Amino acid sequence: MLGELVGAPHVVSCSNGTAALHLALLGLGIGPGDEVIVPDLTFAATINTVIHAGATPVIVDVDRRTWNMDPAAVEAALSPRTRAIMPVHLYGQPADMDALGAIARRHGLRIVEDAAEAIGANLRGAACGTIGDAGTFSFFSNKVITTGEGGAVVFRDAEAAQRARRLRDHGMNPAKRYWHDEVGYNYRLTNLQAAIGCAQLEQAPKFLARKQEIAARYRVGLARATGIEMAAEIPGQRNSYWMVSVIVDAAATGLERDEIMRRLGEAGIDTRPLFYPLHEMAPYRPYSGNRDFPATVELSRQGFSLPSGVGLTDAEIDYVCATLTRLIETRGVARAASAAAR
Ligand SMILES: *Cc1c(COP(=O)(O)O)cnc(C)c1O
């Protein structure tokens, strides 16, 4: 059912989206001695699995406009050991797969797409996760399709998928029970979770359509909120809007991101900050080289996610928009008054 939804011939279900990334790398034969390029702005599972696979992650900055892996930064970070690029479709916004694909072809690299947040996103109709050599999805409880914990990896190549299936099942020979050809893992999705997944996938079109409506309503509702920027709508791309996220221009709003989040919290509105830059956290510092990450740092400091669940009502979205807009307007008034008093 997932294969039909995204248009992928070889699908391997597994226990979670992190296992899916690990199997994607192992299925493609990526391991010790190989470098894998990852974006600085992502959930840690992206880089953790490169390390689990025994490969070396190379962190690069994102593009300020798309919030995703910057192809120019990828080009600058290439080395003779580079084997793969691991773009993330962050918050559901498709990464620049045209530019990354061109780099991969020119240098003979593999592409593993982390599409954990991007079920339903596409580039000119090609589903995120199916454009590279492998792509992964997560069915964690807060993702668009959920099995509580769960995931899947899709491959372009049947043999890579077969290898991933064997590794998922303890490395056991599929024709000879309890005979192990290699050191594997227990990364299976249970039947119970799969049953929930089937029921979820039946509803996928409804969930995905509602996500689009939620984002469109926020876009209209926040149009007057000066200094609040939603992800860019890029022609030919469809964002899954897993989470509707915004960037705060504190000079324009007169309020820092954390202050806005605090006040929204007081009004009963839950928000989340964007991910921290990987390169700032101790386990990943060795993988940042001498590179700079200005776009990631800016987005991470200024960005936050709004309530985005498919269970939101229109009235709730309108309440969030009105609360946020009023917060900024009254702040603007207060600033004008204090300037006049001076
Ligand atoms: C959720 C997520 C994962 C990991 O998925 P799990 O199912 O929680 O293991 C990996 N990458 C990104 C970008 C994610 O958002």
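Here the structure is a predicted model, which means the values were calculated and not measured.

Across its full length, the protein holds twelve helices and 14 strands. In terms of overall size, the protein behaves like a compact globule, its C-alpha atoms giving a radius of gyration of 21 Å where 342 residues would be expected to give roughly 20 Å. Judged by the C-alpha coordinates and their principal axes, the protein covers about 80 × 45 × 35 Å. For the protein, contacts bridging at least 24 residues in sequence account for 68% of all contacts bridging at least 6. Total accessible area on the protein stands at roughly 15000 Å², and carbon and sulfur atoms take up 54% of it. When the 35 basic and 37 acidic side-chain charges of the protein are each reduced to a single mean position, those positions are 2 Å apart.

Split by domain assignment, the protein resolves into domain 1 (2-202) and domain 2 (205-341). Domain 1 and domain 2 are separated by 27 Å when their C-alpha centres are compared. Taken together, the contacts link 43 residues of domain 1 with 39 residues of domain 2. For the domain 1 and domain 2 pair, buried surface summed over both sides reaches about 3600 Å², with 62% attributable to carbon and sulfur atoms. Three residues stand out in domain 1 for area buried against domain 2, namely Arg64, Trp67 and Tyr91, and they jointly supply 23% of the buried area on that side. Put simply, domain 1 and domain 2 have two salt bridges between them. Of all the secondary structure elements, the ones that give two or more residues to the side of domain 1 that touches domain 2 are helix H3 (45-52), strand S3 (56-60), strand S6 (122-123) and helix H7 (191-202). The element contributing the most residues to the side of domain 1 that touches domain 2 is S3, with five residues.

Next up on the list: the layout of surface pockets. Considered as a void within the structure, the largest pocket measures approximately 440 Å³ in volume. Around the largest pocket, the lining comprises 25 residues; the ones closest to its centre are Phe43, Glu117, Lys143, Trp242 and Phe275. For the lining of the largest pocket, the secondary structure elements donating two or more residues are helix H2 (17-27), H3 and strand S13 (272-273). In terms of residue class, the lining of the largest pocket is made up of eleven nonpolar, nine polar and five charged. Residue assignment places the lining of the largest pocket across two domains, with domain 1 (2-202) and domain 2 (205-341) each supplying three or more. Every residue lining the second largest pocket is counted, 19 residues in all, and those nearest its centre are Asn142, Met243, Pro307, Ser308 and Gly309. Its residues assigned to classes, the lining of the second largest pocket shows seven nonpolar, eight polar and four charged. Each of domain 1 (2-202) and domain 2 (205-341) contributes no fewer than three residues to the lining of the second largest pocket.

Cut-offs and rules
Residues numbered from 1 in each chain as written. Predicted model: local features only at pLDDT ≥ 70, side-chain atom pairs only at ≥ 80, totals over all residues. Heavy atoms only, no water. Helix = DSSP H or I, 4+ residues; strand = E, 2+ residues; numbered from the N terminus. Rg over C-alpha atoms; globule rule 2.2 N^0.38 Å. Contact = heavy atoms within 4.5 Å. Areas by Shrake-Rupley, 256 points an atom, 1.4 Å probe, with all protein chains shown as cover. Lys, Arg positive; Asp, Glu negative; His and termini not counted. Charge placed at Lys NZ, Arg CZ, Asp CG, Glu CD. Domains from an automatic or database assignment. Buried area = accessible area lost by both parts, 1.4 Å probe. Salt bridge = Lys/Arg side-chain N within 4 Å of Asp/Glu carboxyl O. 1 Å grid on protein atoms, 1.4 Å probe; cavity = no way out; pocket = protein on both sides within 12 Å on 5 of 7 lines; lining within 4 Å. Points joined across faces, edges and corners; volume = space filled by probe spheres on them. Nonpolar A, V, L, I, M, F, W, Y, C, P; charged D, E, K, R; others polar.

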